[in-house]
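# Summary of structural features
Spelled out from the first residue to the last, the chains are:
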Amino acid sequence: MKALQYREIGAAPEVVTVPDPEPGPGQVLLKVTAAGVCHSDIAVMSWPAEGFPYPLPLTLGHEGVGTVAALGAGVTGVREGDAVAVYGPWGCGSCAKCAQGKENYCLRAGELGINPPGLGAPGSMAEYLLVDDARHLVPLGGLDPVAAVPLTDAGLTPYHAIKRSLPKLVPGSTAVVIGTGGLGHVAIQLLRALSPARVVALDVSAEKLELAKKVGAHEVVLSDARASAAVRELTGGVGAEAVFDFVGAAPTVASAGAMAAVEGDVTIVGIGGGTLPVGFGHLAFEVSVSAPYWGSRGELDEVLALARSGAVSVHTETYSLDDAPLAYERLHDGKINGRAVILP
Ligand code: NAD
Ligand code: ZN
Ligand code: ZN
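This structure is a prediction, so every number in the text was calculated from the model and none was measured.

Scanning the protein chain for helices and strands turns up eleven helices and 16 strands. Here the C-alpha radius of gyration of the protein chain, 20 Å, is about what a compact globule of 344 residues would show, namely 20 Å. Here the protein chain, with 344 residues, has 50% of them falling under the buried criterion.

So, about the domain arrangement of the protein chain. Per the domain assignment, the segments of the protein chain are domain 1 (2-153 + 295-343) and domain 2 (156-290). Measuring from the centre of the C-alpha atoms in domain 1 to the corresponding centre in domain 2 gives 27 Å. The partner domain 2 presents 17 residues to the 23 residues of domain 1 that form the contact. At the level of secondary structure, the elements contributing two or more residues to the side of domain 1 that touches domain 2 comprise α1 (39-44) and α10 (297-308). Take the side of domain 1 that touches domain 2: its biggest share by element is five residues, from α10. Of the residues in the side of domain 1 that touches domain 2, the class split is ten nonpolar, nine polar and four charged.

This part covers the packing of helix α5 (residues 156-165) against α10. Between two packed helices, what matters for the description is the angle formed by their axes and the separation of those axes. The contact between α5 and α10 brings their axes to 9 Å, and the two run at 105°. Classified by the angle between their axes, α5 and α10 sit roughly perpendicular to one another. Residue-level inspection shows Leu156, Tyr159, His160 and Lys163 of α5 in contact with α10, the latter providing Glu299, Leu300, Glu302 and Val303.

Quick look at the UniProt feature "domain: Enoyl reductase (ER)" (unreviewed entry) in the protein chain now. According to UniProt, the feature "domain: Enoyl reductase (ER)" (unreviewed entry) maps to residues 10-342 in the numbering used here. Spanning residues 10-342, this segment combines 27% helix with 23% strand, and its end C-alpha atoms are found 22 Å apart.

Reading across the sheet, the six strands line up as β11-β10-β9-β12-β13-β14 and stay open at both edges, with parallel pairing between neighbours. Edge positions in the open sheet fall to β11 (219-222) and β14 (288-290), since each of these has one partner strand only. If you compare each strand with its neighbour and ignore which way they point, the axes differ by 15° on average. In this structure, strand β13 (residues 260-268) lies alongside β14, joined through three bridges in parallel fashion. By the bridge assignment for β14, Asp265 is matched with Ser288. In this fold helix α8 (residues 227-234) packs onto β9 (174-178), β10 (198-203), β11 and β12 (240-245), with an angle of close to 155° to the strand it touches most, β11.

This brings us to the packing of α8 against helix α9 (residues 250-259). Contact pair α8 / α9: the axes reach a minimum separation of 8 Å and the direction vectors enclose 25°. It follows from the interaxial angle that α8 and α9 lie roughly parallel. You can see that α8 and α9 cross each other, and the crossing is right-handed. The residues of α9 that touch α8, namely those facing Ala227, Ser228, Val231 and Arg232, are Ser255, Ala258 and Met259.

Every one of the 34 residues lining ligand 1 counts as a neighbour, but His39, Gly179, Gly181, Gly182 and Ser223 are closest to it. Elements that contribute at least two residues to the shell around ligand 1 include exactly α1, α6 (182-194), β10 and α9. A class-by-class count of the residues in the shell around ligand 1 yields 16 nonpolar, 15 polar and three charged. If you count residues domain by domain, the shell around ligand 1 takes at least three from each of domain 1 (2-153 + 295-343) and domain 2 (156-290).

Conventions adopted
- Residues numbered from 1 in each chain as written.
- Chains lettered and ligands numbered in written order.
- Predicted model: local features only at pLDDT ≥ 70, side-chain atom pairs only at ≥ 80, totals over all residues.
- Helix = DSSP H or I, 4+ residues; strand = E, 2+ residues; numbered from the N terminus.
- Rg over C-alpha atoms; globule rule 2.2 N^0.38 Å.
- Buried ≥ 20, exposed ≤ 12 C-beta atoms within 10 Å, placed from the backbone.
- Domains from an automatic or database assignment.
- Contact = placed C-beta atoms within 7 Å.
- Nonpolar A, V, L, I, M, F, W, Y, C, P; charged D, E, K, R; others polar.
- Axes fitted to C-alpha atoms, helices over the stretch in contact; angles between N-to-C directions.
- Parallel < 35°, antiparallel > 145°, perpendicular 65-115°, else oblique.
- UniProt positions renumbered as here; feature names shortened; annotations may be inferred.
- Pairing = 2+ DSSP bridges.
- Left-handed = near helix turned anticlockwise from the far one by under 90°.
- Near = placed C-beta within 6 Å.

The structure is reproduced here in structure tokens:
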């Protein structure tokens, strides 16, 4: 089959032919119908050889949707032909976190060498994907594969982040979304669907801010050194009760901290390497800062349900597997508005 692989440190990913996978005991083989392109893959492909955490070559793609093509021995719960989404943050399935469906925080994944597809294990940017267990599959329930695939990460990750802050997003409150790309433009819609907060979106690109308005932001602000002052002005000096940073670079986390209200939340989702000092004099009183990772299996069910209700719709552009390297190039250059989806 064809697969998009990251083969050599620092080189662009390539479309290659690899053997068709076959499901072993307990595994499920999917015919991939759609695979999403995430900025985290670009981060992975920028890491140096020293300490690179995954074996190469690596088939990319940690957002995946497909049709069940074959079942390994002993698999129950899914049938050939079922349309499913892949829950990507695979864990051991039995530790205290996994028992709660929070496989994203599996306590034993590191020790057992368990990696998500596309982030260590072979990913979804291929004609077929091996899924290690049927519990990592969620029925699509009639959703279109292209519309649904970004929800497995670009939907699930902001959903998990936002859900934690909902008690603070009361009527009259303000939520800020920094970086209105793949994750951020879904975050705006989730905030609108789940809370009465006023939503302020920040980005460096006018085109992205246009999309932010289209998907429901009440206000848009250019993300520059003045951004935190602008948010303070918009909120009568109070600041934002919740700030979600989908860039996570040094200047954006600094802005995020500076615009957070007393008792507010700053949630750093982007992996841009920025850090935020916490301590008296650095932030408003009792601001909570966190850096969450992906979401739980139950939360993926909830995101898909929200999409079925029509409350969330991802802005997508599609590419063939042969053109997948171009999609990464365009994402790297900031030219994707919404999410790029590969059709293997
Ligand atoms: P994307 O490229 O689609 O979106 C990033 C957006 O940020 C773009 O719209 C870009 O114009 C904007 N931007 C860049 N610099 C900015 C700045 N200084 N101020 C404001 N906006 C700026 O990326 P994505 O796929 O949505 O991923 C976003 C981030 O989240 C990445 O760092 C990615 O690695 C990370 N991520 C984290 C998790 C997690 O579990 N924590 C999961 C998925 C993605
Ligand atoms: Zn991702
Ligand atoms: Zn576990």
